[in-house]
Amino acid sequence: MTMAQALFYLMGFIALASALFVAASKSLVRSVFMFFVTLMALAGLYVLALADFIAITQIVIYVGGILVLILFAFMLSGRETLAGLQQQKSRFISISKLPALLLAVLFFIVMINILFKTDINNLLWVQKAIAQKSIITPGAVMVNNIGINLMTRYLLPFEAISILLMMALVGAAHLSRKEKSA
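Residues numbered from 1 in each chain as written. Predicted model: local features only at pLDDT ≥ 70, side-chain atom pairs only at ≥ 80, totals over all residues. Heavy atoms only, no water.

With that settled, consider helix H1 (residues 3-24). Compared with an ideal rise of 1.5 Å per residue, which puts 22 residues at 32 Å, H1 spans 31 Å between its outermost C-alpha atoms and is within 8% of the ideal. Here H1 has its buried residues at Gly12, Ala15 and Ser18. Down the axis of H1, the buried side of the element spans an arc of 145°, and every buried residue falls inside it. Seen from the buried face of H1, the exposed residues on the opposite side, beyond 90 degrees, are Met3, Tyr9, Phe13, Leu16, Leu20 and Ala24. Where H1 is buried, its residues contact helix H2 (28-48). (Helix = DSSP H or I, 4+ residues; strand = E, 2+ residues; numbered from the N terminus. Expected span 1.5 Å × (residues − 1). Buried < 20%, exposed > 50% of the residue type's maximum accessible area, 1.4 Å probe, protein only. Arc of directions from axis to C-beta. Contact = heavy atoms within 4.5 Å.)

Spanning 21 residues, H2 covers 30 Å between terminal C-alpha atoms, matching the ideal 30 Å at 1.5 Å per step. When H2 is considered as a whole, its buried residues turn out to be Ser31, Val32, Thr38, Leu39, Ala41, Ala43, Gly44 and Leu45. Trailing H2 by a residue or two, leucine 50 shows a phi angle of about 60°, which is positive.

Spelled out as structure tokens, the structure:
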């Protein structure tokens with residue numbers, strides 16, 4: 001087993017275990033922090049797949065933006081809301097959760113079936129990539145092109161989206177604030 005395979009299995013195990021913990025945990029704080037671990041493990045998997053731009057984007061957007069927004073919403077929520085969520089303890093499997101469970105099991109069966117029946121080496125797009133020699137290598141410089149396009153051609157939409165997200169954050173903070181009674 002090579003070092004890359006060992007790192008892949010380690011990152012995959014960390015991502016799966018932390019995602020299962022997020023889904024099964026009853027504590028919102030622990031779930032949010034384990035979600036951070038899940039997203040960082042996915043970024044590690046992207047690095048191992050030689051997708052460095054996607055790994056950086058994963059860290060900046062999901063870990064840096066969305067996770068902070070989740071923490072912000074959690075901190076702004078009132079104690080009575082959190083107490084109500086803690087009191088909604090029910091059995092793990094109930095009648096209302098049965099369709100979702102059946103759909104998840106069906107999706108899992110389909111994924112496993114596709115995994116075992118697919119011959120990766122005979123896929124058309126893989127054969128075309130090998131014929132054109134367009135396989136991504138560690139020395140390929142694609143991030144520079146994306147950065148140049150993002151800061152020249154797409155600068156206005158990039159800034160407009162950042163202002164829109166900031167306005168949504170300020171609006172969410174304003175709406176979640178409780179009015180003081182006079």
